[in-house]
Amino acid sequence: MLWDVDYTLVSADGLGTRLYEVVFREMFGRELTAVAPKAGRTDRAIVGDTLALAGVSRSRVDGFLAALERVAADGAVPGPVRPLPGAAGAITALAAAGVRQSVLTGNVRPLAEEKLRRAGLGGHLDLDAGAYGDVHEVRAELVAAARRAARRVYRADFPGPATVLIGDTPLDVEAALVTGARAVAVATGGYPAADLTAAGAHVVLPDLTDTARPPSPVFYLSRPGGGSRPRSIAVVTAAVRPDTPSLPNARSRCVFTVASLM
């Protein structure tokens, strides 16, 4: 299970943009006046376009990313980061069922770690098994990187639908679809449910709340096949809660196997 970070798990109140501004000022001695579009994109892509907007050669991208990692790791740039409703509960519920969880994020790793730390998340996320925004400009390329990382950590493969991506943008959905993974989209960012459905998400959720109460949980965990040590864990997701307006792809529930974990 690979989580997006921004607007899926946390709201960072512009922390990434402030870090860009600090690094740009440090490297070029002037203020950054514009940041390229961010939603669903990787830091490598965003930095390249941001530098181009500022009249700086894209050859400086690697240096900028290295500085961004250093400044993010320092943790000195202020700003609140809050967990989105239900994020902690969803992560905890999956962890209790033995689901292996990491992140697939457009952030460089130190920035992702800092956001998760400030939000009080990350305790059940194996960040060594994830993929980060310095890897490639195309988000879908991060899926292969995460699978390689997971193989190193767990000595197991997670091909096709054994990998599940959870994110809030059409680019998150696209990254899953082009790599054969499952796509779970949450309408907690800048894209409405209709856009996420049109992008092809297997499941669209309004948010991550109600993780514990059937028949309307976001994640209801079952163990198919019976027995005390099942071969796999199925994630059953409910697209609509009773108090939530109907979504375009509403189903009573959607079941798919995450991985053969046990």
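Residues numbered from 1 in each chain as written. Predicted model: local features only at pLDDT ≥ 70, side-chain atom pairs only at ≥ 80, totals over all residues. Heavy atoms only, no water.

Caption draft 1: Quick look at the overall build of the chain. Helix and strand counts for the chain stand at eight helices and 10 strands. Out of the 262 residues belonging to the chain, those deemed buried represent 50%. Once local pairs closer than 6 in sequence are excluded, the contacts in the chain between residues at least 24 apart make up 61%. Total accessible area on the chain stands at roughly 11,300 Å², and carbon and sulfur atoms take up 51% of it. (Helix = DSSP H or I, 4+ residues; strand = E, 2+ residues; numbered from the N terminus. Buried < 20%, exposed > 50% of the residue type's maximum accessible area, 1.4 Å probe, protein only. Contact = heavy atoms within 4.5 Å. Areas by Shrake-Rupley, 256 points an atom, 1.4 Å probe, with all protein chains shown as cover.)

Caption draft 2: Main features of the sheet that holds strand β7 (residues 203–205). An order of β4-β1-β5-β6-β7 is seen for the five strands of this open sheet, with the pairing classed as parallel. This sheet does not close on itself; its edge strands, each paired only once, are β4 (102–103) and β7. With four bridges joining them, strand β5 (residues 164–167) and strand β6 (residues 182–186) adopt parallel strand pairing. Of the residues in β6, the one forming a bridge with Val 164 is Arg 182. (Pairing = 2+ DSSP bridges.)

Caption draft 3: Looking closely at the layout of surface pockets. Its boundaries defined by the atoms lining it, the largest pocket holds a volume of some 440 Å³. Looking at the largest pocket, it is lined by 28 residues, and the ones nearest its centre are Asp 6, Tyr 7, Lys 38, Ala 39 and Lys 115. Secondary structure elements with two or more residues in the lining of the largest pocket: α1 (15–28), α2 (43–53) and α5 (109–119). Sort the elements by how many residues they give to the lining of the largest pocket and α1 lands first, with four residues. In the lining of the largest pocket, the residues fall into eight nonpolar, 10 polar and 10 charged. (1 Å grid on protein atoms, 1.4 Å probe; cavity = no way out; pocket = protein on both sides within 12 Å on 5 of 7 lines; lining within 4 Å. Points joined across faces, edges and corners; volume = space filled by probe spheres on them. Nonpolar A, V, L, I, M, F, W, Y, C, P; charged D, E, K, R; others polar.)

Caption draft 4: The environment of Tyr 191, seen in detail. Within the secondary structure, Tyr 191 is located in the loop between β6 and α8 (193–198). In this structure Tyr 191 comes out as partly exposed when scored by relative accessible area, which is 29%. Setting aside residues up to four positions removed in sequence, Tyr 191 forms contacts with Ala 39, Asp 168, Thr 169, Pro 170 and Leu 196.

Caption draft 5: Inspection of the packing of aromatic side chains at higher detail. Applying the stated criterion across every chain yields a total of three aromatic pairs. Aromatic side chains Tyr 20 and Phe 64 sit 5.7 Å apart centroid to centroid with 70° between the ring planes, which places their arrangement in the edge-to-face category. Of this pair, Tyr 20 sits in helix α1 while Phe 64 sits in helix α3 (residues 61–74), and the two are 44 residues apart along the sequence. Taken as a pair, Tyr 20 and Phe 64 share a single burial class, namely buried. Ring centres of Phe 24 and Phe 28 lie 4.8 Å apart, and the angle between their planes is 55°; on these two criteria the pair is classed as tilted. (Phe/Tyr/Trp six-rings, centres within 6.5 Å; stacked < 30°, edge-to-face > 60°.)

Caption draft 6: Main features of helix α6 (residues 141–154). Given a rise of 1.5 Å per residue, 14 residues ought to cover 20 Å, and the 20 Å separating the end C-alpha atoms of α6 matches this to within 8%. When α6 is considered as a whole, its buried residues turn out to be Leu 142, Val 143, Ala 145, Ala 146, Arg 147, Ala 149 and Ala 150. Buried residues along α6 sit against β1 (2–3), β5 and α7 (170–178). (Expected span 1.5 Å × (residues − 1).)

Caption draft 7: Molecular detail of the nonpolar core. Membership of the largest hydrophobic core comes to 50 residues, with the highest contact counts inside it found for Trp 3 and Leu 9. Mapped onto this core, the elements with two or more residues apiece are α1, α2, α3, α4 (87–96), α5, β5, β6 and β7. With seven residues, the top contributor of residues to this core is α3. One finds Leu 165, Ala 175, Ala 193 and Ala 201 within the second-largest nonpolar core, a separate group that totals 19 residues. (Core = buried A, V, L, I, M, F, W, Y, C linked by side-chain atoms within 4.5 Å.)

Limitation: the analysis is restricted to geometry and does not speak to function.
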